[in-house]
Number of protein chains: 2
Amino acid sequence: MSNEYYEYELTLDKILDTGIRTFPDKEIVYRDIRRYTFSSFSNSVKRLVTGLKKLGVKKGERIGVLDWDTDVYFHTYYGVPLSGAVLHTINLRYPLDLIVKTILHAEDKYLVVRDEFVPLIEKAKNIIPPGMKVITYSDNKEKVKSPISNADFWELIESNEPTEEFDVKENDMSTIFYTSGTTGEPKGVWFTHRKLFMHAMSVALTGTRSPFNLSPEDVYMILVPMFHVHQWGFPFVTFLAGTKYVLPGRYDYGFILKLMEKEGVTYSAMVPTILHLLLTHPDAPKYTHVFKKWKITIGGSALPEGLARKARELGITVTTGYGLSETCPVLSMGYYNNVAQKLDAEKKFSLQISTGVPIPLVQIRVVDPDTGKDKKPGEIGEIVVRSPWLTKEYYKNPEKTAQLWRGGWLHTGDLAYIDEYGYLHIVDRDKDAIKSGGEFIPSLLLEDAISLHPKVAQVAVVGVKDQKWGERPVAFIVAKEKVTEDELRQFMLGLTDQGRIQKWWIPDKFIFVDTLPLTSTNKIDKKVLREMAEKNK
Amino acid sequence: MSNEYYEYELTLDKILDTGIRTFPDKEIVYRDIRRYTFSSFSNSVKRLVTGLKKLGVKKGERIGVLDWDTDVYFHTYYGVPLSGAVLHTINLRYPLDLIVKTILHAEDKYLVVRDEFVPLIEKAKNIIPPGMKVITYSDNKEKVKSPISNADFWELIESNEPTEEFDVKENDMSTIFYTSGTTGEPKGVWFTHRKLFMHAMSVALTGTRSPFNLSPEDVYMILVPMFHVHQWGFPFVTFLAGTKYVLPGRYDYGFILKLMEKEGVTYSAMVPTILHLLLTHPDAPKYTHVFKKWKITIGGSALPEGLARKARELGITVTTGYGLSETCPVLSMGYYNNVAQKLDAEKKFSLQISTGVPIPLVQIRVVDPDTGKDKKPGEIGEIVVRSPWLTKEYYKNPEKTAQLWRGGWLHTGDLAYIDEYGYLHIVDRDKDAIKSGGEFIPSLLLEDAISLHPKVAQVAVVGVKDQKWGERPVAFIVAKEKVTEDELRQFMLGLTDQGRIQKWWIPDKFIFVDTLPLTSTNKIDKKVLREMAEKNK
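Chains are numbered independently. Their residues run from 1 in the order of the written sequence. Chain letters and ligand numbers both follow the written order, the letters beginning at A and the numbers at 1. In keeping with the model being predicted, local features are shown solely for residues with a pLDDT of at least 70 and side-chain atom pairs are shown and tallied solely at 80 or more, while totals for entire chains, interfaces and linings include all residues. The basis for every side-chain value is the complete set of heavy atoms in the structure, and neither hydrogens nor water enter the calculation.

A short note on helix H2 (residues 38-55) of chain B
All names here are of chain B. Secondary structure elements are defined from DSSP: runs of H or I of at least 4 residues count as helices, runs of E of at least 2 residues count as strands, and each element is numbered from the N terminus. Here, expected helix span is obtained from the residue count minus one, scaled by 1.5 Å. The end-to-end C-alpha distance of H2 is 25 Å, a good match for the 26 Å that 18 residues give at a rise of 1.5 Å each. Under the scheme applied here, a residue whose accessible area is under 20% of the maximum for its type counts as buried, over 50% as exposed, and between as partly exposed, the area being computed with a 1.4 Å probe on protein chains only. Residues Phe38, Phe41, Ser42, Ser44, Val45, Lys46, Leu48, Val49, Thr50, Gly51, Leu52 and Leu55 constitute the buried set of H2. Just past H2, the residue glycine 56 takes up positive phi, approximately 115 degrees.

Listed below in structure tokens is the structure:
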């Protein structure tokens, strides 16, 4: 007899398996359209794996998905990697040009396309490789009639038996997607089964800490598009944490509020803009009882303190998360470390809405961008990181990869300091940095300060070129009610007297706008603002 | 420029690092003797690594430890594997013969020996390889005066600078120890950094679930000897969970109760016997306020329901854990899955003291021992498992390894069924095992020893149930000529003095019979003997 030892690989089937062993009846809910249990969903994923293989999907082939946050998308999060293929989550906010560019760059062999995006792909028919197969679907399971459709998604599931053994290894590529940053061509980042696995374990553990205190009794509705950095990893976390999962489809804020109430949602993650849109929705006052038991994590861009305080007043438990596309994404979260745990409520609150502390297994350093040497606590430097879930490279881009990974640490490009409590505070995304007279103006802190003015709804500060100082700040304001530039300047001078900001940080100009321009991922588009500011000089 | 991507290995330094990043001030307390913070302890471990390397320790070499649950032992849990060596946790409950046997089998090159065990090793001087180095220590840091001492443990730490980079990989062997299991010769099992790491992640996550509800505010005092299956993994879990850790040294139950009160202990794990000893201690009535906030996990042998109810009446939150030496150890725990969560308190209680549900990443099946086919819920079969933390083999024992790992599943030898709620219930431990006070008595070795008596023709030892110890051995004797129980007992005491057996192995009772009952395959029928012994109590 020989040693038939089983080498346990950290692959996504093990996450599914863990979920159904302990929480077989937990639900996955797609709007008011379909409900699954962990068990039935897992079975359905395993049928999809069989279906994809029958269709001809081979190991390592890329499958792009064009969809909102649906049950179909959720299937592909597990089913595509478990078929041995690679899930390409295509950014719906890109113009068609860029969508096609990323499809070609990733060399997608298959596309999964929701019916409403079929016309888009029909339009691009001539620039997409002829061998590509398109899998279409509609919510009501009616087959999509289109000359480009090669298969129906539901049929792949419903006409097949579940696969029980998966030909995958933990270091197999499982996902790929593109990140634009603020400027330039999108860069591809990719992740293995193992990376998604370890990320999910760590986020699940972090979620149990105060002030999240998440348990299997909680209900997730993640308001981050599924095409955006694995929906921050929560489709994997949920099976380890044993939480009910609610998918809102395309974002309709009135409907989302209704769905939150109906399904008892207690936890969400999102960018600040989405929180702003929900809290200012005309129906919001009807849902104060929902907000009272709502815990949220804000990430993707800095959380303005004014918005955080507004949420807190409604009884929402507000925390932050920090990470990048390159980092799977989560690096730090606003939970309490053993120092924060002992502080008073007000101080705790300021830390839970800072950039947070590293989650388990993440090593963070703040270093001098030039010398690479560690900065002391309180000193500003670049955040560099190591963890089990960072992208190995920018796909087919050795030059940018070498920049990203210099010295064996992933360079975030974000400037921050670590405070006396061990919390990170980002003062500026590298590229959005404003440097005046050789000194950085921490634009996020400055935005926070302006947001405290009662008549300010939203604010964004950018730097414009200045003969004398190199750069000077200009503020864009969305006002709640009429307010003058002079009122704001007086308010800022008051904050200066309080020691909250430096006098030389006060923007040279306040420009009033109706809305702020957004990037494809709903972040404020500072590139556009900079151009507007330059023209406005 | 090239891609300087950092491959993050799941090694024990990352666990230390995670602890000190988020919980730098959490304490490690050794009795009333010494206190560390996570930071100072981590620094101390890193000095030990330097010290061990200077002493000449090479990659893969084994270092045995003879100690109670001390701060020194805790240092070796991290320091030995991080030096590239392998920690051999030597079973103090073994007779000297077996201790030496395991040292020789593991090929230990170094021993770490607490002063009180130095005489034991001096006694064994002639049978221990001459090249072996012995590192000694005493609690008060005075150097141990002995001809066998080659180095002082504290000096290794205090005269060296901390190592910051560790030459270890996740698949390196990090620990080894011996399990006697049911019978005969001890078998070696070993674990890698990665296995300890994944085990700790999963146990940490499980601990946050109801009814444990453990958080960084909890204080662990694990009452499982550190020579026993990694103290169930908690020395690693604690740095991920961010909990204070209290080490009781040699078990003195009055002192333990005092220490629990003083340090605010809220969580412990132990075998049933230890719980029994604590609850029946004369001082116990003074500590009802301590018991009220105490959460415990009982494992190692079956938890008698009477004892569980007694603990519950005192306000203790009682749960169970299940695992083996071969499995790192934890496989399942008595937490609530989504079915149990909805049940009433009484039913929940019965499930939390059952064999529990698998913890994350553990795959458990109950199969027919002959055919290997899955049993239906409610049907009894053998528990077989897969997880990321199972031993790859019995060290240098391919035959037993092949039995352990047949068909790609680790065979526990335990018979159980899965109930309608998804909980495991063990109905019979590996049939012939005798487990007394949480420790196996190797029945074959004991039978061998008894058979040495010139008047003994045949002998068979079985376990009978015991209120205090769980089980106690009873011997059935077929005599060659007249012999008394007292003669046999005196003979056994002689063997104890020779280091051949432990005093507590000596059977409580010797029953004389004309013949031993046989099974259909002519093996001694221990089932019948057990019934006879129970009637004879």
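Next comes the rest of the write-up.
Overview of the sheet that holds strand E9 (residues 187-192) of chain A
At least two bridges found by DSSP between two strands are what make those strands a pair. Within the open sheet, the seven strands sit side by side as E7-E6-E5-E3-E4-E8-E9 (chain A). Their pairing is mixed. The sheet terminates laterally at strand E7 (151-152) and E9 of chain A, the two strands that pair on one side only.

So, the environment of Pro507(B)
All names here are of chain B. Within the secondary structure, proline 507 is located in the loop between helix H16 (485-497) and strand E25 (509-512). Taking the C-alpha atoms as reference points, proline 507 and alanine 475, separated by 32 residues in sequence, lie 6.0 Å from one another. Contacts: residue pairs with any heavy atoms within 4.5 Å of one another. In this view, proline 507 contacts Leu446, Ile450, Pro473, Val474, Ala475, Arg489 and Met492; residues no more than four positions away in its chain are not counted.

Remarks on the sheet that holds E25(B)
Sheets are built from strands that pair by backbone hydrogen bonding, the pairs being arranged parallel or antiparallel. Residues and elements named next belong to chain B. A sheet is described by the order of its strands in space; here three strands give the open sequence E23-E24-E25, paired in mixed fashion. A single partner strand is all that each edge strand has here, and the edge strands are strand E23 (456-466) and E25. With strand direction ignored, the average angle separating the axes of adjacent strands in the sheet is 30 degrees. Relative to E25, strand E24 (residues 470-479) runs parallel, the two sharing four bridges. Residue pairing across strands places phenylalanine 476 opposite isoleucine 511, the latter belonging to E25. Structural elements are reduced to axes, namely lines fitted to C-alpha atoms, with helices fitted over the stretch in contact, and the angle between N-to-C directions of any two is expressed from 0 to 180 degrees. H16 contacts E23, E24 and E25 of the sheet and is inclined by roughly 130 degrees relative to E25. Each of E23 and E24 touches helix H17 (residues 526-535); the most contacted strand, E23, lies at about 65 degrees to it.

Overview of the pattern of salt bridges
Salt bridges, as used here, are contacts in which a Lys or Arg side-chain nitrogen is within 4 Å of a carboxyl oxygen on Asp or Glu. Tallying each qualifying case throughout the model produces 54 salt bridges over all chains. Measuring nitrogen to oxygen at the nearest pair gives 2.7 Å for the salt bridge that ties Arg114(B) to Glu116(B). The exposure class assigned to Glu116(B) is partly exposed, which follows from its relative accessible area of 36%. Connected through salt bridges with shared partners, the residues Glu27(A), Arg35(A), Lys244(A), Lys262(A) and Glu263(A) form a single ionic network.

Quick notes on the domain arrangement of chain A
Residue and element names in this part refer to chain A. Marked domain ranges trace back to an automatic or database domain assignment. One can read the domain layout of chain A as domain 1 (12-188), domain 2 (191-430) and domain 3 (437-535). The distance between the C-alpha centroids of domain 2 and domain 3 comes to 24 Å. Across the boundary between the two partners, domain 2 contributes 16 residues, which contact 14 residues of domain 3. Note on terms: buried area is the combined drop in 1.4 Å-probe accessible area of two parts once they are placed together, counting the loss on both. Taken as a group, Thr273, Glu305 and Val427 account for 28% of the area that domain 2 buries against domain 3, more than any other trio of residues on that side. Inspection of the domain 2/domain 3 interface yields zero salt bridges. Here a polar contact is recorded for every N or O atom pair within 3.5 Å, except that within protein the pair must consist of a potential hydrogen donor and a potential acceptor, and residues adjacent in sequence are included only if both atoms are side-chain atoms. One can count four residue pairs in polar contact (both at pLDDT 80 or more) joining domain 2 with domain 3.

Here we look at the interface of chain B and chain A
Listed per partner, the contact involves 60 residues of chain B and 59 residues of chain A. Carbon and sulfur atoms supply 59% of the area buried between chain B and chain A, which totals about 5,100 Å² over both sides. Of all residues in chain B, the largest losses of buried area upon contact with chain A belong to Tyr5(B), Tyr8(B) and Arg21(B), amounting jointly to 13% of the total for that side. Viewed at the interface, chain A and chain B are joined by two salt bridges. Secondary structure elements with two or more residues in the side of chain B that touches chain A: helix H1 (12-22), helix H7 (193-207), helix H8 (234-241), strand E17 (363-367) and helix H14 (398-404) of chain B.

Observations concerning unusual backbone geometry
Each neighbour pair has its own omega, and for Cys328(A) with Pro329(A) the value is 20 degrees, a cis peptide bond. Residues Ser210(B) and Pro211(B) are joined by a peptide bond in cis, for which omega reads 5 degrees. Turning to its location among the elements, Pro211(B) is positioned in the loop between H7 and strand E10 (219-220). Here the phi dihedral of Lys141(A) falls at roughly 70 degrees; this positive angle occurs in a residue that is not glycine. Exposure remark for Lys141(A): the relative accessible area of 34% places this residue in the partly exposed category.

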